[in-house]
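Below, each chain spelled out in residue letters.
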Amino acid sequence: MIVTSAHKRRLADFTLDDWDNLEPIEGQRVELVDGLFRVNAAPTPWHQQVGDELRTLLGLVVKPLGLRAITAIAVRVRAGLGYIPDVVVCKRIAKGATSVTVDTVFLAVEIVSPSSRKIDRFEKPAAYAAAGIPAYWRVELVKNHPPTVHCYELDNGIYVETATVETGKPRQVVLPFGAKVTIDVDALDE
C-alpha cells in the first residue's frame, strides 16, 4: 500500500473528542499528542502504589475544599493534546465525564517510568505550564530507594521548583489554592 501525504494527514488528525470516545485498552493508557494516539504501557505495581498513596494524601486535604484528587484521569490540555497524569487535583467532575478540561486542574503529578523519562521531565511540564496548570509534581522512582518528589509552581508561564522531598525529610508543601500537605516519601513507599 502506498501512503500519500493526504493519508498521513488524516492519520494525524485525531481530536480530543475522538480521544474521549476511545474504548479503553486493558492495561494501557492512551494519550493524544499532536493529533496522534500514544499508547503507554501499564504502570508497574510500585508506580501505582506511590500514585495511590499520593492521591489518598492529597484527597484528605482537598476534599473539604470541594476539590478532588484523582488517579489516571484524562486531561484535555489543548487542541490535539490530551494527557493522563498519574494524579490530578481538580474541580469536582461531572458524573459520566470521560475527561476534564485543563482549566479545572490545579495540580498534575507525573510518576517517572523508565519509558517516560523525557516525556515526564520535559514534554508534559512544558505543555502543562503553557496551558496554565498552577502546579506540577514530578515523582522520581529509583529501584531500592524511596521516591523523590519535585514540586513546581507556575511563575510567569514556567515552572519553578519550590520543594524537593527526599527520604528522611518530610516536608510541608503549599498547594496552589493555599492548602498545605505534608509529604513523607518514606510513607509513600511502605
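Refer to the structure printed above.
Residues numbered from 1 in each chain as written. Predicted model: local features only at pLDDT ≥ 70, side-chain atom pairs only at ≥ 80, totals over all residues. Heavy atoms only, no water.

### Some words on the sheet that holds strand E10 (residues 148–155)
As a reminder of what qualifies: Here, strands pair whenever DSSP counts at least two bridges between them. Only runs of H or I of at least four residues qualify as helices and only runs of E of at least two qualify as strands under DSSP, and these elements are numbered from the N terminus. Angles shown run from 0 to 180 degrees and are taken between the N-to-C directions of axes, each axis being a line fitted to C-alpha atoms and, for helices, limited to the stretch in contact. We call two residues contacting when some pair of their heavy atoms lies within 4.5 Å.
Taking strand neighbours across the sheet as the criterion, the 6 strands line up as E3-E6-E8-E9-E10-E11 in an open arrangement whose pairing is mixed. Strand pairing shows two members of the sheet lacking a second neighbour, strand E3 (67–71) and strand E11 (158–165), which therefore form its edges. For this sheet, the mean inter-axis angle between neighbouring strands, taken without regard to orientation, is 20°. With respect to the sheet, helix H3 (residues 45–62) is in contact with E3, strand E6 (87–91), strand E8 (105–111) and strand E9 (135–140), its orientation differing from that of E3 by roughly 175°. Contacting E8, E9, E10 and E11, helix H4 (residues 117–131) runs over the sheet at an angle of about 170° to E9.

### Looking at unusual backbone geometry
Even without glycine at this site, Ala72 takes up a positive phi of about 50°. Residue Asn156 is not a glycine yet carries a positive backbone phi of 55°. Residue placement: Asn156 occurs in the loop between E10 and E11.

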